[in-house]
Amino acid sequence: MKQISHYGKVINIKNNKLQVQITRYSACHNCDARHGCGLMDCQNKIIDIETDKIKTFKIGDDVLINMEQNQATYAIILGYILPLIIMVSALIITYSLSSDQLKSGISAIIILIPYYLWLFLNRKRLAHKFRFTVSKIME
């Protein structure tokens, strides 16, 4: 099965969890004009990873984090595609009922509040669906 990988660095170890910092780069990272453009986007993310091999890691270790591609696809569906479908549906339904663009736009945005609240309240249950594996990079 295909996997998505990121390089990272262990920044903290507590209980059975590693805190790994990864750096995400935008598509601009590979562009030759990135330094003059000023639009290069670079973000540091911290990921908590449960592992039973906690004793083999120490703070500062370079690691490789993997996730199965189907799990990443599921995350994209939950985070982007489903909210888009909900928002566009609300926009179309509200506009067909009221013919007011302002009400339709506001309702399309407001309808996302319960959806993201549901995601927030179910974050622990959803976290079990997304499994990261971590391996130490040998130099």
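Just above sits the structure.
Residue indices follow the written sequence of each chain, beginning from 1 at its first position. pLDDT decides what is reported in this predicted model: residues at 70 or higher carry local features, side-chain atom pairs at 80 or more are listed and counted, and totals for whole chains, interfaces and linings draw on all residues regardless. Derived side-chain values reflect all non-hydrogen atoms in the structure, with water molecules and hydrogen atoms excluded from consideration.

1. What about the nonpolar core?
Soluble globular proteins tend to pack their nonpolar side chains together in the buried interior.
Here comes step 1: The definition of a nonpolar core used throughout is a set of buried Ala, Val, Leu, Ile, Met, Phe, Trp, Tyr and Cys residues joined through side-chain atoms within 4.5 Å. Categorising residues by exposure relies on relative accessible area from a 1.4 Å probe, with only protein chains included: less than 20% of the type maximum marks a residue as buried, more than 50% marks it as exposed, and the intermediate range marks it as partly exposed. Listed in full, the eleven residues of the largest apolar core are Val 10, Leu 18, Val 20, Ile 22, Ile 47, Ile 49, Ile 54, Phe 57, Val 63, Ile 65 and Val 134.
Here comes step 2: Where this core is concerned, the elements lending two or more residues are β2 (17-25), β3 (42-50) and β4 (62-68).
Here comes step 3: Secondary structure elements follow DSSP: runs of H or I of four or more residues count as helices, runs of E of two or more count as strands, with numbering from the N terminus. Ranked by residues supplied to this core, first place goes to β2 with three residues.
Here comes step 4: Apart from the residues lying within four places of it in its own chain, the contact partners of Leu 18 are Val 10, Asn 12, Ile 13, Ile 47, Asp 48, Ile 49, Thr 51, Ile 54, Phe 57 and Val 134. Only heavy atoms matter for contacts: two residues are in contact if any of them lie within 4.5 Å across the pair.

2. A closer look at helix α4 (residues 112-121)
Here comes step 1: All buried positions along α4 are accounted for by Leu 112, Tyr 115 and Leu 119. Viewed along the axis of α4, the buried residues span an arc of 65°, placing them on a single side of the element. The exposed set on the far side of α4, more than 90 degrees from its buried face, consists of Ile 113 and Leu 121.
Here comes step 2: Packed against the buried residues of α4 are α2 (69-98), α3 (101-110) and α5 (123-127). The arc in question is the one traced by the directions running from the helix axis out to the C-beta atoms.

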